[in-house]
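What follows is each chain in one-letter form.
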Amino acid sequence: MTGVQTCALPISEALLHAGRCADVYAMGIDSLERTSAIFSQVREHAAAHNRCPKFLLSLRLLIGETEQDAWDKAHKVLEGVVANLQAGQMTSINAKPTERYAELLKLDDRLDTRLWTGITKVTNGTKAVTSLVGTTEQVVDELVRYYDIGVSHFLMSGFDYERDPSELGRTVIPMLRERVKGRTPKNVPGPKLSATGT
């Protein structure tokens, strides 16, 4: 039996291992360009082993009736995070951020059109929380773009664990299913769509 891994693999080694062993490569949401580049590397490594992995994207959603409502929600969430930091309730603030999240600290807190990294920035890169922000239609537009580059599974949650799972199940998931019907993403079957509060 191997021991418990105590440190993260370098991304290059992780992608090699994924290509050799993974049936599903899972990652947190990142920019479309970076996500597509990672998928391409995994596919390249997998092809050497006659494998064709699927891809899962984990993400948070902040949805409002209008785009301004959604950004107001994002700012309210951020205020709560800052309050917890000031109260000493988020002890990982002094932990070392991953290489990627350290990179994000140097960028604007919005990537692509509506990928928000505000929590990552205020926690100095130690909280891996990136979210899509917008109306249901705007968020689904972004999800379709990720589907088109090869995401076969979406693991979606919000910040209100009591209300958001049912809301996503009533709004985002049906709309996304309808939008991807008949579309052919890269090398993967149709998506498995689920909402979760965890």
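Our subject is the structure that appears above.
Analysis parameters
Residues numbered from 1 in each chain as written. Predicted model: local features only at pLDDT ≥ 70, side-chain atom pairs only at ≥ 80, totals over all residues. Heavy atoms only, no water. Helix = DSSP H or I, 4+ residues; strand = E, 2+ residues; numbered from the N terminus. Buried < 20%, exposed > 50% of the residue type's maximum accessible area, 1.4 Å probe, protein only. Contact = heavy atoms within 4.5 Å. Areas by Shrake-Rupley, 256 points an atom, 1.4 Å probe, with all protein chains shown as cover. 1 Å grid on protein atoms, 1.4 Å probe; cavity = no way out; pocket = protein on both sides within 12 Å on 5 of 7 lines; lining within 4 Å. Points joined across faces, edges and corners; volume = space filled by probe spheres on them. Nonpolar A, V, L, I, M, F, W, Y, C, P; charged D, E, K, R; others polar. Axes fitted to C-alpha atoms, helices over the stretch in contact; angles between N-to-C directions. Parallel < 35°, antiparallel > 145°, perpendicular 65-115°, else oblique. Left-handed = near helix turned anticlockwise from the far one by under 90°. Salt bridge = Lys/Arg side-chain N within 4 Å of Asp/Glu carboxyl O. Phe/Tyr/Trp six-rings, centres within 6.5 Å; stacked < 30°, edge-to-face > 60°. Lys NZ or Arg CZ within 6 Å of the ring centre and 35° of its normal. Pairing = 2+ DSSP bridges. Arc of directions from axis to C-beta.

(A) Fine view of the overall build of the protein chain. Regarding its fold elements, the protein chain presents eight helices and seven strands. In the protein chain, which comprises 198 residues, the share counted as buried stands at 40%. Here the contacts in the protein chain between residues at least 6 apart in sequence split such that 72% fall between residues at least 24 apart. Accessible area for the protein chain stands at about 11000 Å²; split by element, carbon and sulfur atoms hold 50% of it.

(B) Region of interest: the layout of surface pockets. Estimated volume of the second largest pocket: approximately 520 Å³. What lines the second largest pocket is a set of 16 residues, among which Ile63, Lys73, Arg163, Asp164 and Glu167 lie closest to the centre. Those elements that provide at least two residues to the lining of the second largest pocket are β2 (54-63), α3 (67-86) and α7 (164-170). Residue composition of the lining of the second largest pocket, grouped by class: six nonpolar, three polar and seven charged.

(C) Seen up close, the environment of glycine 158. Within the element layout of this structure, glycine 158 appears in the loop between β6 (153-157) and α7. Glycine 158 sits in the buried class, given a relative accessible area of 3%. Separated by 96 residues in the primary sequence, glycine 158 and leucine 62 have C-alpha atoms spaced 6.3 Å apart.

(D) Fine view of the packing of helix α1 (residues 11-21) against helix α2 (residues 32-47). Relative orientation of the contacting elements α1 and α2 amounts to 50 degrees, with a least axis distance of 7 Å. Here α2 runs oblique to α1, going by the angle between their axes. Helix-helix and strand crossings are classified by hand; for α1 and α2 the assignment is right-handed. Within the contact between the two elements, α1 uses Leu15, Leu16, Ala18 and Gly19 and α2 uses Ile38, Gln41, Val42, His45 and Ala46.

(E) Quick peek at the pattern of salt bridges. All told, the structure shown has eight salt bridges when counted by the stated rule. Two residues, arginine 145 and glutamate 142, come together in a salt bridge whose shortest N-O distance is 2.4 Å. Taken as a pair, arginine 145 and glutamate 142 lie in helix α6 (residues 136-148) at a separation of three residues, close to a single helical turn. On the basis of relative accessible area, glutamate 142 is assigned to the buried category, the value being 3%. Notably, a salt bridge pairs arginine 183 with aspartate 148, separated by 2.6 Å at the nearest N-O pair. Of the two residues, arginine 183 is situated in the loop between α8 (172-180) and β7 (192-195) and aspartate 148 in helix α6; the sequence distance between them amounts to 35 residues. Under the relative-accessibility criterion, aspartate 148 is labelled partly exposed at 28%.

(F) Structural view of the packing of aromatic side chains. Enumeration over the complete set of coordinates arrives at two aromatic pairs. An aromatic cluster of at least three residues, connected via ring pairs, comprises Tyr25, Phe39 and Phe55. Here the guanidinium or amino end of arginine 60 rests over the ring plane of phenylalanine 159, the centre of that ring lying 4.6 Å away. A cation over a ring is seen here: arginine 110 above tryptophan 71, with NZ or CZ 3.6 Å from the ring centre.

(G) Quick peek at the pairing of strand β5 (residues 131-134). Neither face of β5 is left uncovered, since the one carrying Ser131 and Val133 and the one carrying Leu132 and Gly134 both have all their residues buried. Inspection of the sheet shows β2 paired to β5 by four bridges, in the parallel sense. The partner of leucine 62 across the bridge, within β5, is valine 133. Note: strand β4 (residues 115-116) against β5, two bridges, orientation antiparallel. Each residue of the ladder has a partner; that of leucine 115, found in β5, is leucine 132.

(H) Region of interest: α1. Within α1, the full set of buried residues consists of Leu15, Ala18 and Gly19. The arc that holds every buried residue of α1, seen down its axis, measures 95 degrees, which confines them to one face. Tucked into the core, α1 has its buried residues touching β1 (24-28) and α2.

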